[in-house]
Each structure stands twice: as C-alpha cells, then as structure tokens.
Amino acid sequence: MNYQNTWFTRPQASEYLAEKLPFKTVKQWYSFLSNNRTLKEVYTLKFEQRCGKIFYSQRTLDAFIKASTSIAKH
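Residues numbered from 1 in each chain as written. Predicted model: local features only at pLDDT ≥ 70, side-chain atom pairs only at ≥ 80, totals over all residues. Heavy atoms only, no water.

## Some points on the overall build of the protein chain
Basically, it comes down to this: Numbering goes from the N terminus for both helices and strands, where a helix is a DSSP run of H or I of at least four residues and a strand is a run of E of at least two. For every residue, the accessible area obtained with a 1.4 Å probe (protein chains only) is divided by the maximum for its type, and the residue is called buried under 20%, exposed over 50%, and partly exposed between those limits. Any two residues whose heavy atoms approach within 4.5 Å are treated as being in contact. Surface accessibility follows the Shrake-Rupley procedure with a 1.4 Å probe radius. Residue values consider only the protein chains on display as shielding.
For the protein chain, the helix and strand inventory stands at three helices and three strands. The buried share among the 74 residues of the protein chain stands at 32%. When contacts within the protein chain are restricted to residue pairs at least 6 apart in sequence, those whose partners lie at least 24 apart make up 48%. If you sum the accessible surface of the protein chain, you get close to 5400 Å²; carbon and sulfur atoms cover 52% of it.

## Topic: the sheet that holds strand β3 (residues 53-57)
Put simply, the test is: For two strands to be treated as a pair, DSSP must find at least two bridges joining them. In this description, a line fitted to the C-alpha atoms serves as the axis of each element, helices being fitted only across the stretch in contact, and the angle between N-to-C directions of two axes falls anywhere from 0 to 180 degrees.
With antiparallel pairing, three strands are arranged side by side in an open sheet as β1-β3-β2. For this open sheet the edge positions go to β1 (7-9) and β2 (48-50), each flanked by a neighbour on one side alone. Looking at each pair of strands side by side, their axes are set apart by 40° on average, direction ignored. Bridge analysis of β1 against β3 gives three bridges, and the strand direction is antiparallel. What sits directly across from Trp7, in β3, is Ser57. Docked against the sheet, helix α1 (residues 10-20) engages β1 and β3, running at close to 105° with respect to β1.

## Notes on the pairing of β3
Within β3, four of the five residues are buried, which leaves the element mostly enclosed by the surrounding structure. As defined by bridge partners, β2 adjoins β3 across three bridges and the pair is classed as antiparallel. Directly across from Arg50, in β3, lies its bridge partner Lys53. Adjacent in sequence and paired antiparallel, β2 and β3 are bridged by two residues, among which Cys51 carries a positive phi angle near 50°.

## Some words on the packing of aromatic side chains
Convention followed: We call Phe, Tyr and Trp rings a pair once their centres come within 6.5 Å, taking the six-membered ring for Trp, and we label the pair stacked below 30 degrees between planes, edge-to-face above 60, and tilted otherwise. We call a charge positioned over a ring when the NZ of a Lys or the CZ of an Arg lies within 6 Å of the ring centre and within 35 degrees of the ring normal.
Using the criterion set out here, one finds six aromatic pairs in the structure. Ring centres of Trp29 and Phe32 lie 5.4 Å apart, and the angle between their planes is 90°; this geometry places the pair in the edge-to-face category. Here the residue Trp29 and the residue Phe32 both occupy positions in helix α2 (residues 26-36), the gap between them amounting to three residues, near one helical turn. Of the two residues examined, Trp29 and Phe32, each falls in the buried class. Centre to centre, the rings of Trp29 and Phe64 are 5.8 Å apart; their planes meet at 85°, and the pair counts as edge-to-face. One end of the pair, Trp29, is in helix α2; the other, Phe64, is in helix α3 (residues 58-73), with 35 residues separating them in the sequence. Phe64 matches Trp29 in its accessibility class, with the two residues each being buried. Aromatic rings pair up to connect Phe23, Trp29, Phe32 and Phe64 into one cluster. A cation over a ring is seen here: Lys24 above Trp29, with NZ or CZ 4.8 Å from the ring centre. Across from the ring centre of Trp7, 4.5 Å away, lies the NZ or CZ of Arg50, which sits over that ring.

What follows is the structure, given as structure tokens:
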C-alpha cells in the first residue's frame, strides 16, 4: 500500500472519520478522539504531540477505518 505522509489535527481527523464512518457525527468523532487518549479503548489510536497539539497520521486513521468496517461486516 502507498500511504501518504499526511497528518491531521483532531478537528481534521474528526471530519475525516465522519466522512469515512458516517455512523457518528464530526462532534462524536471529536469526542471519541479526545477520550481515546486517556481511556482504555478497544482500539487506541496512536498520535503525535507537536507544539502542544495532537496529530493523527492518515495511515493510523485508515487502519482504524479498515478495522471498524471489517468488524461491522461480521
């Protein structure tokens, strides 16, 4: 697979997830990402902190989307 080296802020990642996984709204995905940092979720998303902001890679988000859609199909 050819992954772009694209990074998303939390608001951008929330919009990306809402577009790809529309069973939650942008606001719900934002809340999920906020809580995912501190709670022990089934699927914890890796992130990088830069200059006090949280960033998620497209690769991480796409892996989460793939895992979420494969779970939903079973």
